[in-house]
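Reading the structure
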Amino acid sequence: MSPRSLLRQCTAMLGEPPIAYLLRIRLDKAAELLTTSALAITEIAECVGFRDSNYFTRQFHRRFGVPPIVYRRQEPR
């Protein structure tokens, strides 16, 4: 299967491109960890597959509308 065909098939099955799906899954897991653990934000970023915590923070803010530190404070444990 060509890369383009794979992309089309994945997008049809997942409803979004594979990289967007992976990013969403990672960020959702990070949100869960923010509310259920005492791990530092940098540790959470690494746990869910981000090498750069600044990039993680930008992507998290884009998805949830607030940075991880604010999200952690807002969400009840």
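The structure presented is a predicted model; accordingly, all values stated were derived computationally and were not measured.

The next subject is the overall build of the protein. Scanning the protein from terminus to terminus reveals five helices and zero strands. Start at the N end of the protein and walk to the C end: the helices and strands fall as α-α-α-α-α. Dimensions along the principal axes, computed over C-alpha positions, put the protein at roughly 45 × 25 × 20 Å. Burial status across the protein gives 26% buried among its 77 residues. A separation of at least 24 residues holds for 44% of the contacts in the protein among residues at least 6 apart in sequence. Working note: accessible area of the protein is about 5300 Å², and carbon and sulfur atoms make up 56% of it. Taking the 12 positively charged and 7 negatively charged side chains of the protein as two groups, their mean positions are separated by 6 Å.

Moving on to the pattern of salt bridges. If you walk through the whole model with that rule in mind, you get three salt bridges. Between E16 and R24 there is a salt bridge whose closest N-O contact spans 2.8 Å. The buried category is assigned to E16, whose relative accessible area is 18%. Measuring nitrogen to oxygen at the nearest pair gives 2.9 Å for the salt bridge that ties D28 to R63. Note that D28 is positioned in helix α2 (residues 18-36) and R63 in helix α4 (residues 53-64), a separation of 35 residues in sequence. D28 sits in the partly exposed class, given a relative accessible area of 28%.

Rules and cut-offs
Residues numbered from 1 in each chain as written. Predicted model: local features only at pLDDT ≥ 70, side-chain atom pairs only at ≥ 80, totals over all residues. Heavy atoms only, no water. Helix = DSSP H or I, 4+ residues; strand = E, 2+ residues; numbered from the N terminus. Buried < 20%, exposed > 50% of the residue type's maximum accessible area, 1.4 Å probe, protein only. Contact = heavy atoms within 4.5 Å. Areas by Shrake-Rupley, 256 points an atom, 1.4 Å probe, with all protein chains shown as cover. Lys, Arg positive; Asp, Glu negative; His and termini not counted. Charge placed at Lys NZ, Arg CZ, Asp CG, Glu CD. Salt bridge = Lys/Arg side-chain N within 4 Å of Asp/Glu carboxyl O.

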